Amino acid sequence: TCLAGALIFYIATGNVAIAIITSDTSLKLSKDFEVHACDFAQIDPMRHVPNAEERLAGISFHPGVAVENLPFEDAYFDAVSGQYALEYTNIPASLEQLHRVMVPGGKAQFIIHHKNSALIRNSIISLDEADFVLRKTKIYRRLKHLVTAQVVSPKFAETAGSQLVASIRSLKRALPEVQAVGGGQILLGTLDNIQRLLNLRTETGPIVSLENEINVAETDLRLWVRRQKDLLECAKDENGLSEIENAAQRTGFEVVSRGVQYHAKTNVVGWKLVLRRV
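All values derive from a computational prediction rather than experimental measurement.

Within the protein, the regular secondary structure consists of ten helices and seven strands. For the protein, whose C-alpha radius of gyration is 24 Å, the value lies well above the compact-globule estimate of 19 Å for 278 residues. Along the first, second and third principal axes, the C-alpha set of the protein runs to 75 × 40 × 30 Å. With 278 residues in all, the protein has 43% of them scored as buried. Excluding contacts between residues fewer than 6 apart, the proportion of contacts in the protein whose partners are at least 24 apart in sequence is 72%. Accessible surface computed for the protein: about 15300 Å², of which carbon and sulfur atoms make up 50%. Counting 31 positive and 31 negative side-chain charges, the protein places the centres of these two groups 8 Å from one another.

Sheets are built from strands paired through backbone hydrogen bonds, the pairs being either parallel or antiparallel. The sheet built from seven strands is open, its strands ordered β3-β2-β1-β4-β5-β7-β6 with mixed pairing. Among the strands making up the open sheet, the edge pair consists of β3 (59-63) and β6 (253-263). On average, each strand axis in the sheet is inclined to that of its neighbour by 15°, with strand direction left out of account. As defined by bridge partners, strand β5 (residues 102-112) adjoins strand β7 (residues 267-277) across six bridges and the pair is classed as antiparallel. From the neighbouring strand, Lys107 faces β7, where its bridge partner is Arg276. Contacts from helix α4 (residues 91-101) reach β1 (7-10), β4 (77-83), β5, β6 and β7 within the one sheet, and its direction differs from that of β5 by about 140°.

Before going further, it helps to spend a moment on the environment of Leu119. Locating Leu119 in the fold gives a position in helix α5 (residues 118-137). For the pair Leu119 and Ala37, spaced 82 residues apart in the sequence, the C-alpha separation amounts to 24 Å. In this view, Leu119 contacts Tyr84, His113 and Leu231; residues no more than four positions away in its chain are not counted.

We now examine unusual backbone geometry. Positive phi, normally seen in glycine, also occurs at Tyr84, with a value near 55°. For Tyr84, the position within the fold is in the loop between β4 and α4. Given the relative accessible area of 22%, Tyr84 is considered partly exposed. Although it is not a glycine, Ala264 sits at a positive phi angle of roughly 55°. Considering the arrangement of structural elements, one finds Ala264 in the loop between β6 and β7.

Before going further, it helps to examine the environment of Ala6. Looking at where Ala6 falls in the secondary structure, it is placed in the segment before β1. Look at Ala6 and you get buried, because its relative accessible area is 4%. Spatially, the C-alpha atoms of Ala6 and Ile139 are 53 Å apart, while their sequence positions differ by 133 residues. Residues in contact with Ala6, not counting those within four places in the same chain, are Phe33, Glu34 and Asp78.

Counted according to the given criterion, the structure contains five aromatic pairs. Relative to Phe72, the ring of Phe9 has its centre 5.2 Å away and its plane inclined at 70°; by these criteria the two rings are edge-to-face. In this pair, Phe9 sits in strand β1 while Phe72 sits in the loop between β3 and β4, placing the two residues 63 residues apart along the sequence. Among the residues examined, Phe9 registers a relative accessible area of 0% and is labelled buried. Its relative accessible area of 11% is what places Phe72 among the buried residues. The interplanar angle of 80° and the centroid separation of 5.0 Å between the aromatic rings of Phe72 and Phe77 together place this pair among those described as edge-to-face.

So, on to the side chain of Ser167. With respect to the secondary-structure elements, Ser167 resides in helix α7 (residues 154-180). Excluding residues within four positions of it along the chain, Ser167 makes contact with Thr137, Ile139 and Arg142.

Before going further, it helps to examine the pairing of β4. Taken across its seven residues, β4 has five buried, putting it largely inside the fold. Of the pairings in the sheet, the one linking β1 to β4 comprises three bridges and is parallel in character. Paired with Tyr10 across the bridge in β4 is Ser81. Bridging between β4 and β5 involves six bridges; their strand directions are parallel. Pairing of Ala79 across the sheet is with Lys107, part of β5. Traced from β4 through α4 to β5, the parallel crossover comes out right-handed.

Here the focus is the pattern of salt bridges. On inspection of all chains with the given rule, the structure shows nine salt bridges. Glu213 is the partner of Arg196 in a salt bridge, and the nearest nitrogen-oxygen pair spans 3.4 Å. In this pair, Arg196 is assigned in helix α8 (residues 185-203) and Glu213 in helix α9 (residues 207-234), connecting sequence segments 17 residues apart. Its relative accessible area of 35% is what places Arg196 among the partly exposed residues. We note a salt bridge from Glu245 to Arg258, for which the minimum N-O separation is 2.9 Å. Of the two residues, Glu245 is situated in helix α10 (residues 238-251) and Arg258 in strand β6; the sequence distance between them amounts to 13 residues.

What counts and what doesn't
- Residues numbered from 1 in each chain as written.
- Predicted model: local features only at pLDDT ≥ 70, side-chain atom pairs only at ≥ 80, totals over all residues.
- Heavy atoms only, no water.
- Helix = DSSP H or I, 4+ residues; strand = E, 2+ residues; numbered from the N terminus.
- Rg over C-alpha atoms; globule rule 2.2 N^0.38 Å.
- Buried < 20%, exposed > 50% of the residue type's maximum accessible area, 1.4 Å probe, protein only.
- Contact = heavy atoms within 4.5 Å.
- Areas by Shrake-Rupley, 256 points an atom, 1.4 Å probe, with all protein chains shown as cover.
- Lys, Arg positive; Asp, Glu negative; His and termini not counted.
- Charge placed at Lys NZ, Arg CZ, Asp CG, Glu CD.
- Pairing = 2+ DSSP bridges.
- Axes fitted to C-alpha atoms, helices over the stretch in contact; angles between N-to-C directions.
- Phe/Tyr/Trp six-rings, centres within 6.5 Å; stacked < 30°, edge-to-face > 60°.
- Right-handed = clockwise from strand over helix to strand, strands pointing away.
- Salt bridge = Lys/Arg side-chain N within 4 Å of Asp/Glu carboxyl O.

Here it is in structure tokens:
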């Protein structure tokens, strides 16, 4: 529990939801917290969050800031938090910086990806779907091959069209089995995308415009795959959490508590680690 007027710092704030919750809580409880939030990405919440001026009042955002190199003076913050954040950084370097910018006695609380969480299981299922789309059906490449050919003979159109139809049918056949294990979003999204792109074929003029749309759709999926692989790599088992605790203690933190964080009492969402700056 932070005292009124406390300076609170969120690392790797991402979509800024947690920072907003803290700001709202501050107003409701008349705590007058000063909230800061950083992210290594060039976040711009004032542009992307609905009703930003009202909802983000009292929050200072710091885009392009790495936790390993914080631009704040020593002993500046009373409390630090991060949800699915610390594990994506160079953990020892980040802990050193957080220890430096926190006041003695200040607490840091982190939610860290758990290797056995529902989020991780869903990510594995979805990665298999994405692999099926990109590597096995090659549906985006087949669509681009069909619509960007400069010279289209009847034979070419028949062959390329048959290959695309075969990819679409493969996705549809795979869908029930994937949905049975809790997946299907990637396959459904791909089918919708293909239909949208085929519709664009009759609406757009230059071939290059449609080719760009296909490239964007495929690139977005590949970037999503990269993010999911990063997630899986960063998720921690018991040993991984212990390594973070040991690094924190070497830096000068005391481990206050650690354990599994649940949603609805049964669904694992991550590890919860609470540290005190000694």
